[in-house]
Amino acid sequence: MKGKFTDNLPKIYGLYTGGFAIFIILMAIAEQAGMSAKTIGIMFVAFTVVIYAVIGWLSRTVQVEAYYVAGRQVPTVFNGMATAADWMSGASFVAMAGGIYFGGYTYMAFLVGWTGGYILVSSLLAPYLRKFGCYTVPDFIGTRYGGNLARFCAVIVLVLASFTYVTAQINATGTIASRALGVPFELGVWVGLISILMCSMLGGMRAVTWTQVAQYIVLIVAYLLPVFWMGAKLGNPFPHLMLGDEVARIGELEAQFGLVKNAAADLKAAGVPGGLSSISVAHSEVPGGAMAAWKFISLVICMMVGTASLPHILMRYFTTPSVKSARKSVAWSLFFIFLLYSTAPMLATLSKLQLMDPNLATSIIGKSIADVQAIQWVQDWTAANQVFIADFNGDGILQLNEWFMRTGVVVLATPEIAGLPYVISGLVAAGGMAAAMSTADGLVLAIANALSHDLYYKIIDPKADVQKRLIVARALLIVIGAAGAFVASLRLTSILGAVAWAFDFAMSGLFFPLVLGVWWKKATRQGAIAGMIGGLGAGTAYLIYVGPKFMAMTPWLGIDHLRFGIIGAPVCLILMVVVSMMTYEDNAEAKAVSAMLDETRIPVGKTILGNK
Amino acid sequence: MSNKEKHWDKTKGLMFITLALWFFFGYVVFMFGGSLNSASFLGYPLAYYMCAQGSLIAFVVILFWFANKQEAIDEEFGFAEREDN
């Protein structure tokens, strides 16, 4: 193809999408011809992972600018897609609809929290960090506040937050790889890791960008196709606009079957496996009381502020060609994220209705247990320990509180429940793999880049040449990936717990140093250092105080271990303001900072670090 | 007041308006979730709808609006980037 590479992108990804569609059709034909479900699953995951590896290999580079920020030439809309893939993790893809299925309105706080944060990103940070011209987030902190200690503190917060997050992603990659390929979980984790490294090692940010775009296309097709198909089957070709009656119908059915919370002793006696739940919360009802509203809002605050502090997201906006396009790119990112997030509640609604509504052939609640146990998908998923039936009242009829599922099943098994062909299930597995891999890629790269650029090059060996810096960067990538896979294989925390903690860590230590760094000229180095150490310290101490696996004390005002950023971030803000006011002097350094920020605040002109 | 200061004042103003809109759709709406749910939109209970779609759509619209507004401010004071290389 002729012309600049970036001009040909629409054509390249158009061909790619077409090729993927042809692959899906070929698999559908193969299924009709008798190819086994297991082979189709393997084909889907293997085919997509090989494509990502090829993209990773084609994007290899030996240039620093390309390795760290993709040469700052990623077009606005494509950067939006890459950010969306970077953002939507395996947990979003596999567990979100399931969370809504079981948690109803209360769980949907995550939908609001994981989207609204982008307004903070765009209005407070992204355009200014882009103008600054840094390679990493600690690079901004180190240059704005000056001194190696501030840079080092930022590296610590970044590593703690991102590493917590990446173990959850490698865990998800391993779960999907092990199921699709039929290997044990521990092996699946390492298969996942190798796939992740193939995408990022040779080309750094450049390779990750172009694989993330490819992964976004796979994951969005895999998420939307089954929902629209199911919607059409039920006579609602546009489920987002047309499910009002279905939501109301679920309310009626909940009243008819009754929402019962099972006692822990009953669950134990019946032998219900851990991690499986039954529906005990209303689908669309808002729980009453000020405490419920506060819990909803405090979770939204943590997720939004955490979004604006997570380095693997912020660094995506370092790759756009201009400040203007960084701003537009945030809007496109959220649009692409919105496509999936607005579909998750629809998926949960359709899935719930299919199981509950006695007028539908797929329903199982209220049917005889013997009949339900004869259904093929029920047998398959029971064998995999993902669903469970416990006849508490011994009447031989399946009640709503006697049907247990793991949250991931809602996404992974819904195509089978709705009677869609198996090719859709294979597609969903490939989508989940793409979601988990793309996020893990971004995180591993964020950590390795911070360590190689900020710790090694800026602090330890400022004279290192380009070749040596890139070798260190790649070696760190392997070490961090391997450490992540090792921790993931121990399965210390649940995926959701680890994800929420990452947001809280980032919010406690980085949000105010970043925002005040741009918006308050009088913020000083000492203030930022005090804020980062104090905020992260207070947040972590509180996590240890309330964490169920640590001291497990009663939380204050409902601020539990998922929300510890509510404690950390204000401590960070207060320390930063007080210490800055005590240490600010109107000297030459303050004048230089002021001039630097004046330049940062206007789009025109060279970047502050001068490597445009 | 210099050109740069005027530009920054307008930029700050836009930032505060944007954050006010963000606060409304992200928090105020859900402080009254219980009472909103008795109203309905497209057949959905209103608080459920805002949570599932409404606020999300509002955020996307606010972001595009903000980007355009800020571009206009940059151009007004001559601080816009010349080309979109």
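These notes cover the structure that comes with them. (Residues numbered from 1 in each chain as written. Chains lettered and ligands numbered in written order. Predicted model: local features only at pLDDT ≥ 70, side-chain atom pairs only at ≥ 80, totals over all residues. Heavy atoms only, no water.)

### Section: the nonpolar core
Logical step 1: Grouped together as the largest cluster of nonpolar side chains are 231 residues, with contacts concentrated most on A:Trp87, A:Phe93, A:Tyr341 and A:Trp403.
Logical step 2: With 19 residues, helix 21 (residues 422-460) of chain A is the single largest residue contributor to this core.
Logical step 3: If we skip the residues at most four places from it in the chain, A:Tyr341 touches A:Trp87, A:Met88, A:Ser92, A:Met96, A:Leu111, A:Trp114, A:Thr115 and B:Leu56.
Logical step 4: Grouped together as the second largest cluster of nonpolar side chains are seven residues, A:Val604, B:Leu14, B:Phe77 and B:Phe79 included. (Core = buried A, V, L, I, M, F, W, Y, C linked by side-chain atoms within 4.5 Å. Buried < 20%, exposed > 50% of the residue type's maximum accessible area, 1.4 Å probe, protein only. Helix = DSSP H or I, 4+ residues; strand = E, 2+ residues; numbered from the N terminus. Contact = heavy atoms within 4.5 Å.)

### Let's talk about the interface of chain B and chain A
Logical step 1: With 44 residues of chain B at the interface, the matching set in chain A holds 55 residues.
Logical step 2: Together, the buried faces of chain B and chain A total about 4,600 Å²; carbon and sulfur atoms form 71% of this surface.
Logical step 3: Interface area lost by chain B to chain A is led by B:Trp8, B:Tyr48 and B:Glu81, which between them contribute 16%.
Logical step 4: Taken together, the links from chain B to chain A amount to three salt bridges. (Buried area = accessible area lost by both parts, 1.4 Å probe. Salt bridge = Lys/Arg side-chain N within 4 Å of Asp/Glu carboxyl O.)

### Let's talk about unusual backbone geometry
Residues and elements named next belong to chain A.
Logical step 1: We note that Ala70 has phi near 50°; this positive angle belongs to a residue other than glycine.
Logical step 2: The topology assignment puts Ala70 in the loop between helix 3 (64-69) and helix 4 (76-87).
Logical step 3: Residue classification places Ala70 among the buried positions, given a relative accessible area of 4%.
Logical step 4: A positive phi angle is found at Arg72, which is not glycine, with a value near 45°.

### Re the pairing of strand 3 (residues 403-406) of chain A
All names here are of chain A.
Logical step 1: The sheet contact formed by strand 1 (residues 276-277) and strand 3 spans two bridges and is antiparallel. Bridge pairing in strand 3 links Ser277 to Met405.
Logical step 2: Across three bridges, the pairing between strand 2 (residues 387-389) and strand 3 is antiparallel. Considered in strand 3, the bridge of Ile389 is made with Trp403. (Pairing = 2+ DSSP bridges.)

### Quick look at a nonpolar patch on the surface
All names here are of chain A.
Logical step 1: On the surface, a cluster of nonpolar side chains totalling about 480 Å² of accessible area is made up of Val50, Val54, Trp57, Leu58 and Leu202.
Logical step 2: As for its placement among the helices and strands, Leu58 is situated in helix 2 (residues 37-58).
Logical step 3: Using a relative accessible area of 57% as the deciding quantity, one classes Leu58 as exposed. (Patch = residues over 30% accessible without salt bridge, like charges linked within 9 Å, V, L, I, M, F, W, Y side chains within 5 Å. Areas by Shrake-Rupley, 256 points an atom, 1.4 Å probe, with all protein chains shown as cover.)

### Notes on the packing of aromatic side chains
Logical step 1: As enumerated under the stated definition, the model contains 37 aromatic pairs over all chains in all.
Logical step 2: Ring plane angle 35° and centroid distance 5.1 Å describe the contact between A:Phe296 and B:Phe30, whose orientation is recorded as tilted. Here A:Phe296, found in helix 14 (residues 290-307), pairs with B:Phe30, found in helix 1 (residues 3-31), and the two come from separate chains. As far as burial versus exposure is concerned, A:Phe296 and B:Phe30 are alike and both buried.
Logical step 3: For the ring pair A:Phe511 and A:Phe512, a centre distance of 5.0 Å and an interplane angle of 75° mean the geometry is edge-to-face.
Logical step 4: Assessed through its relative accessible area of 7%, A:Phe511 is described here as buried.
Logical step 5: Look at A:Phe512 and you get buried, because its relative accessible area is 17%.
Logical step 6: One aromatic cluster is present, built from ring pairs that chain together A:Trp87, A:Tyr107, A:Phe110, A:Trp114, A:Tyr118, A:Tyr165 and A:Phe503.
Logical step 7: In this structure, A:Arg60 packs its charged tip against the face of A:Trp57, placed 4.2 Å from the ring centre.
Logical step 8: The ring centre of A:Tyr457 lies 3.6 Å from the NZ or CZ of A:Arg469, which sits over that ring. (Phe/Tyr/Trp six-rings, centres within 6.5 Å; stacked < 30°, edge-to-face > 60°. Lys NZ or Arg CZ within 6 Å of the ring centre and 35° of its normal.)

### Some details on the packing of helix 9 (residues 185-200) of chain A against helix 22 (residues 466-490) of chain A
Residue and element names in this part refer to chain A.
Logical step 1: Running from N to C, helix 9 and helix 22 cross one another at 155°; their axes reach a closest spacing of 10 Å. By the angle class used here, helix 9 and helix 22 are roughly antiparallel. Here the hand of the crossing between helix 9 and helix 22 comes out right-handed. Contacts between helix 9 and helix 22 involve Phe185, Glu186, Val189, Trp190, Leu193, Leu197 and Ser200 from the first element and Leu477, Ile478, Gly481, Ala482, Ala485, Phe486, Ala488 and Ser489 from the second.
Logical step 2: Its residues assigned to classes, the contact of helix 9 with helix 22 shows 11 nonpolar, three polar and one charged. (Axes fitted to C-alpha atoms, helices over the stretch in contact; angles between N-to-C directions. Parallel < 35°, antiparallel > 145°, perpendicular 65-115°, else oblique. Left-handed = near helix turned anticlockwise from the far one by under 90°. Nonpolar A, V, L, I, M, F, W, Y, C, P; charged D, E, K, R; others polar.)

### Points about helix 9 of chain A
Residues and elements named next belong to chain A.
Logical step 1: Counted at 1.5 Å a residue, the expected span for helix 9 with its 16 residues is 22 Å, and the 23 Å between its end C-alpha atoms agrees.
Logical step 2: Listing the buried residues of helix 9 in full gives Phe185, Gly188, Val189, Gly192, Leu193, Ser195, Ile196, Leu197, Cys199 and Ser200.
Logical step 3: Looking at the packing, one finds that the buried side of helix 9 touches helix 2, helix 8 (148-181), helix 10 (204-233), helix 21 and helix 22. (Expected span 1.5 Å × (residues − 1).)

### A short note on the sheet that holds strand 3 of chain A
Residues and elements named next belong to chain A.
Logical step 1: Pairing is antiparallel in the open sheet, where three strands are placed in the order 1-3-2. For this open sheet the edge positions go to strand 1 and strand 2, each flanked by a neighbour on one side alone.
Logical step 2: Against the sheet, helix 19 (residues 376-383) touches strand 2 and strand 3, its axis set at about 105° to strand 2.

### What to know about the pattern of salt bridges
Close approach of charged atoms allows side chains with opposite charge to pair.
Logical step 1: On inspection of all chains with the given rule, the structure shows 15 salt bridges over all chains.
Logical step 2: Residue A:Glu65 pairs with A:Arg72 through a salt bridge whose shortest N-O separation is 3.6 Å.
Logical step 3: Exposure remark for A:Arg72: the relative accessible area of 6% places this residue in the buried category.
Logical step 4: The shortest N-O distance in the salt bridge between B:Glu76 and B:Lys10 comes to 3.1 Å. Of the two residues, B:Glu76 is situated in helix 3 (residues 46-76) and B:Lys10 in helix 1; the sequence distance between them amounts to 66 residues.
Logical step 5: Assessed through its relative accessible area of 39%, B:Lys10 is described here as partly exposed.

### Overview of the side chain of A:Thr164
Residues and elements named next belong to chain A.
Logical step 1: Note that Thr164 resides in helix 8.
Logical step 2: With relative accessibility at 14%, the residue Thr164 sits in the buried group.
Logical step 3: Not counting residues within four places of it along the chain, the set of residues in contact with Thr164 comprises Ala498, Trp501, Ala502 and Phe505.

### Considerations on the state of the cysteines
Logical step 1: With the rule as written, the count across this model stands at zero disulfides over all chains.
Logical step 2: Of the cysteine sulfurs around A:Cys572, a residue in no disulfide, the closest is that of A:Cys153, at 11 Å.
Logical step 3: In this structure A:Cys572 comes out as buried when scored by relative accessible area, which is 0%.
Logical step 4: Residue B:Cys51 stays outside any disulfide, its sulfur separated by 16 Å from that of A:Cys302, the closest cysteine. (Disulfide = S-S within 2.5 Å.)

Any link to function would need more than the numbers given here.
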